[in-house]
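Chain by chain, the residues:
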2 protein chains.
Amino acid sequence: MEDLRIGIVLYPGAQLSAALGLTDLFLIAGRIAERSDQGVPRLRVQTLQACEPVPPMPAGDPEASGHDNAPCQVLILPPSLEAPIQPDVAAPLAAWLRERHGEGTMLASVCGGAFLLAETGLLSGRGATTHWTYAEDFRERFPDVALDTDRLIIDGGDIISAGGLMSWTDLGLKLVDRFLGPVVMAQTARMMLVDPPGREQRYYSGFAPRLTHGDAAVLKAQHFLQANEGRDARLATLAEEAGLEERTLLRRFQKATGLTTTEYAQRLRVAKAQELLQFGRLPVERISWEVGYSDAGAFRKIFHRYVGLTPGEYRQRFHA
Amino acid sequence: MEDLRIGIVLYPGAQLSAALGLTDLFLIAGRIAERSDQGVPRLRVQTLQACEPVPPMPAGDPEASGHDNAPCQVLILPPSLEAPIQPDVAAPLAAWLRERHGEGTMLASVCGGAFLLAETGLLSGRGATTHWTYAEDFRERFPDVALDTDRLIIDGGDIISAGGLMSWTDLGLKLVDRFLGPVVMAQTARMMLVDPPGREQRYYSGFAPRLTHGDAAVLKAQHFLQANEGRDARLATLAEEAGLEERTLLRRFQKATGLTTTEYAQRLRVAKAQELLQFGRLPVERISWEVGYSDAGAFRKIFHRYVGLTPGEYRQRFHA
DNA sequence: CCTCCATATGTCGATATCGCCCCTATTTAT
DNA sequence: ATAAATAGGGGCGATATCGACATATGGAGG
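Analysis parameters
Residues numbered from 1 in each chain as written. Chains lettered and ligands numbered in written order. Predicted model: local features only at pLDDT ≥ 70, side-chain atom pairs only at ≥ 80, totals over all residues. Contact = placed C-beta atoms within 7 Å. Helix = DSSP H or I, 4+ residues; strand = E, 2+ residues; numbered from the N terminus. Near = placed C-beta within 6 Å. Nonpolar A, V, L, I, M, F, W, Y, C, P; charged D, E, K, R; others polar. Least-squares fit on C-alpha atoms with pLDDT ≥ 70 in both. Pairing = 2+ DSSP bridges. Axes fitted to C-alpha atoms, helices over the stretch in contact; angles between N-to-C directions. Domains from an automatic or database assignment. Expected span 1.5 Å × (residues − 1). Core = buried A, V, L, I, M, F, W, Y, C linked by C-beta atoms within 7 Å. Buried ≥ 20, exposed ≤ 12 C-beta atoms within 10 Å, placed from the backbone. Parallel < 35°, antiparallel > 145°, perpendicular 65-115°, else oblique. Left-handed = near helix turned anticlockwise from the far one by under 90°. Bend = angle between axes of the 7 residues up to and from the residue. Right-handed = clockwise from strand over helix to strand, strands pointing away.

1. Section: the interface of chain B and chain A
Then, number 1: On the chain A side, the residues contacting the 31 residues of chain B number 31 residues.
Then, number 2: Contributing elements (two or more residues each) for the side of chain B that touches chain A: helix H1 (16-35), helix H6 (182-192) and helix H14 (311-318) of chain B.
Then, number 3: A per-element tally of the side of chain B that touches chain A places H1 of chain B first, with 5 residues.

2. Quick word on the protein's contact with DNA strand D
Residue and element names in this part refer to chain A.
Then, number 1: The immediate surroundings of DNA strand D are formed by 20 residues, with Thr260, Thr262, Pro283, Thr310 and Gly312 found nearest.
Then, number 2: If you list the elements that add at least two residues to the surface near DNA strand D, you get helix H9 (235-242), helix H10 (246-257), helix H11 (261-279), helix H12 (284-290), helix H13 (296-307) and helix H14 (311-318).
Then, number 3: Of the residues in the surface near DNA strand D, the class split is 6 nonpolar, 9 polar and 5 charged.

3. Observations concerning the relation of the copies chain B and chain A
Then, number 1: Rotating chain B by 179° and translating it 0.2 Å along the rotation axis places it on chain A, where the RMSD comes to 0.3 Å. Taken together, the rotation angle and the small translation identify this as a two-fold axis. The rotation axis passes nearest to the C-alpha of Ser17 of chain B in chain B, at a distance of 2.4 Å.
Then, number 2: Same-surface contact between copies: 94% of interface residues of chain B are shared with the interface of chain A.

4. So, the protein's contact with DNA strand C
Then, number 1: For DNA strand C, the set of nearby residues contains 23 residues, the closest of which are Glu245, Arg247 and Thr248 of chain A together with Thr310 and Gly312 of chain B.
Then, number 2: Listing elements by their share of the surface near DNA strand C, those giving two or more residues are H10, H11 and H13 of chain A together with helix H12 (284-290), helix H13 (296-307) and H14 of chain B.

5. Points about the sheet that holds strand E1 (residues 3-10) of chain A
All names here are of chain A.
Then, number 1: Taken in spatial order, the 6 strands of this open sheet run E2-E1-E3-E4-E8-E7, and their pairing is mixed. Since the sheet does not close on itself, it has two edges, and those belong to strand E2 (42-49) and strand E7 (153-155), each with one partner. Mean inter-strand twist for the sheet, computed between neighbouring axes without regard to direction, equals 15°.
Then, number 2: In this sheet, strand E4 (residues 106-110) lies alongside strand E3 (residues 74-77) in parallel orientation, the contact comprising 4 bridges. Along E4, the bridge assignment pairs Ile76 with Ala108.
Then, number 3: Each of E1, E3, E4, E7 and strand E8 (159-162) is contacted by helix H5 (residues 168-180), which is oriented at about 150° to E8, the strand it contacts most.

6. Quick notes on the domain arrangement of chain A
Then, number 1: Along its sequence, chain A is organised into domain 1 (3-203) and domain 2 (206-318).
Then, number 2: In this structure, domain 1 of chain A and domain 2 of chain A have C-alpha centres spaced 35 Å apart.

7. Considering the pairing of strand E8 (residues 159-162) of chain B
Residues and elements named next belong to chain B.
Then, number 1: As defined by bridge partners, strand E4 (residues 106-110) adjoins E8 across 4 bridges and the pair is classed as parallel. When the sheet's bridge partners are listed, Ser109 is paired in E8 with Ser161.
Then, number 2: In this sheet, E8 lies alongside strand E7 (residues 153-155) in antiparallel orientation, the contact comprising 3 bridges. What sits directly across from Ile154, in E8, is Ser161.
Then, number 3: As consecutive antiparallel partners, E7 and E8 are separated by 3 residues, and within that stretch Gly157 has a phi angle of approximately 80°, a positive value.

8. Quick notes on helix H8 (residues 216-227) of chain B
Residue and element names in this part refer to chain B.
Then, number 1: Counted at 1.5 Å a residue, the expected span for H8 with its 12 residues is 16 Å, and the 16 Å between its end C-alpha atoms agrees.
Then, number 2: Looking at the buried side of H8, the elements it contacts are helix H9 (235-242), helix H10 (246-257) and helix H11 (261-279).
Then, number 3: Among the residues trailing H8, Glu229 stands out with phi positive, at a value near 55°.

9. Points about the nonpolar core
Then, number 1: Core analysis: the largest hydrophobic core is formed by 160 residues, its most contacted members being Ala29, Ile76 and Met192 of chain A together with Ala29, Ile76 and Met192 of chain B.
Then, number 2: Once residues within four sequence positions are removed from consideration, Ala29 of chain B is found in contact with Leu43, Val176, Leu180, Val184 and Thr188 of chain B.

10. Remarks on the packing of H1 of chain B against helix H5 (residues 168-180) of chain B
Residues and elements named next belong to chain B.
Then, number 1: Interhelical geometry of H1 versus H5 gives an angle of 30° and a closest axis separation of 10 Å. As judged from the angle between their axes, H1 and H5 are roughly parallel. For the pair H1 and H5, the crossing hand works out as right-handed. Judged by residue contacts, Ala18, Gly21, Leu22, Leu25, Phe26, Ala29 and Ala33 of H1 engage Trp168, Thr169, Gly172, Val176 and Leu180 from H5.
Then, number 2: When grouped by side-chain class, the residues that make up the contact of H1 with H5 number 9 nonpolar, 3 polar and no charged.

11. Considering helix H2 (residues 87-102) of chain A
Residue and element names in this part refer to chain A.
Then, number 1: With 16 residues, H2 extends 21 Å between its outermost C-alpha atoms, agreeing within 8% with the 22 Å of an ideal straight helix rising 1.5 Å per residue.
Then, number 2: When the local axis directions of H2 are compared, the greatest deviation, roughly 30°, occurs at Leu93.
Then, number 3: Among the residues of H2, Ala90, Ala94 and Leu97 are the ones counted as buried.
Then, number 4: Looking at the buried positions of H2, the neighbouring elements they touch are E3, E4 and helix H3 (113-119).
Then, number 5: Remark: Gly104 follows H2 within two positions and exhibits a positive phi of approximately 100°.

12. Some words on the pairing of E4 of chain B
Then, number 1: Within E4 of chain B, 4 of the 5 residues are buried, which leaves it mostly tucked inside the rest of the structure.
Then, number 2: Read from strand E3 (residues 74-77) of chain B through helix H2 (residues 87-102) of chain B to E4 of chain B, the crossover connection turns out right-handed.

13. Quick look at the sheet that holds E7 of chain B
Residues and elements named next belong to chain B.
Then, number 1: Across the sheet, which stays open at both edges, the 6 strands sit in the order E2-E1-E3-E4-E8-E7 with mixed pairing between neighbours. In the strand order of this sheet, the two ends are held by strand E2 (43-49) and E7, each with one partner. Direction aside, neighbouring strands of the sheet carry axes that sit 15° apart on average.
Then, number 2: Sitting on the sheet, H1 is in contact with strand E1 (4-10), E2, E3 and E4, with an inclination near 165° to E2.

This is the structure we're talking about:
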């Protein structure tokens, strides 16, 4: 069985902790795979120093630093340390990545690495994700990419993107799953004390309503909703608060916030519920009543739609 | 409010990914704390190059590399890259750490870093943890330390140890919780897409019975238990299989495996149940029957005792 | 001055959805 | 064994949403 070469691209500003973590992860997975000597490929991880101003890699690990120039089957773009990479810096690298992808190389990004990935143009019309705080920035720079920051990892077959500073664990495990099989993946996860992939970014992202749209009437409605925590979201009430006709409020509210009034109110209620679940001990039924649902079933359904977890699951995961 | 100095000790063989990850974590936590400008201290993270053969730290982050020699309130010992640190290498560092601790500095270790921590002698008679694969090694080298690899993190106030390659996230968040408060901690966890601390190592460690003790009669009993997956663990049967008197079997079994026969059988059944929960979809009641319990309530209790989670919780966490 | 075009607003009906009430199965805890 | 909590389903009124269309509003240019 041939070796499988995984390259980690240290572009200018790349975050080293993720890069090193990934090499460790693949190292561990490779050892586990060797022990169970299936007919699986041997993993070889290399770090590729893309441009000049990159700090030197530590020479600690002999296996991880095979710096010959054999082509990699997978190239990983780690997160960026601070702001996402600028287009002018990215351009030459993007061209190089495009070539590699043309030769059949798989590309993967983590968090801010998605910006470099998008600069290649290969994401046009395809799905991708990145950290939720980058969402607006990304959509502005790459309007033709279908960004979905609710998900933690989007697998497009030859292109994978993962969102979030620590999502390199999920990405790494997903690659291990693909190349070395689910059993090795599960064992690697146990060895590293990481939960197997399958979570979503929206578990963590919360609700941050847009308030900078400049539509004063809509803002009035938003403030009203905020004030009573989304409990009274009747269209008539909101229209009166905003001083607009119902149909007009509906339209302008959507344009300004990206959400309908009920969606907005529901998200507020869910956010309140998340807080109560995380920091309190009230039973779910009580919480559903607290946030404005007299029926716990209805509340559960809404909660699950936005968070991706049932209230109980959420409490389990986030209540210390 | 005074600055809080956190030092990450790069001893020879220390794993950089955890060290860098921790500086990132504290950086993020610090920013979140600043934004909500409570009266909390400012975090200053420094990496301390303990001895010669350590690769240079990347100069990427100005805040993280304040290399003045002010004393730190906390010193963190990251995991070791490969084998745990050797006593002769550790000795001078251990002495230095002992001095710092004497001055009131808090010490924390991650995974293999616990060996260096133990070399200081400060763990004598106290509790600590490390990665479960190091358990035997550690107990042999430091028999006077109360090692508990079931737990992920053991907080002894002035000395904290965490077990597992990735447990630096839990350690970091715990420190953030202590110094910057629970709210900043929760926000940091969300930002980093990490679950808040509270998990235990035994969720992941599974059951790896001792088979190298060299007691052939006990081995026969073990193989018998393995063969029927712990369903028949009657002492009479086992004694006959091993060719030993019942009382003798009990004594030798405990000495060789560290467990009683019933404990051993229960762990086997629980391990089988874990597999069924992870890879199958049977309801818990069916599984409890499959592994040999006619009463689901009893099964639940046993399962929780060994794993630390109820069967349902376990399925939620590990079933993809 | 008026036309043309783009954008924003009101009216109304069809449809989708929400929130509530009822029920049951599963899991957990006592 | 029993009770509590949770998750899920089906049905039903009330209401929100959205399409389509008609109607302002407001420049830009002839």
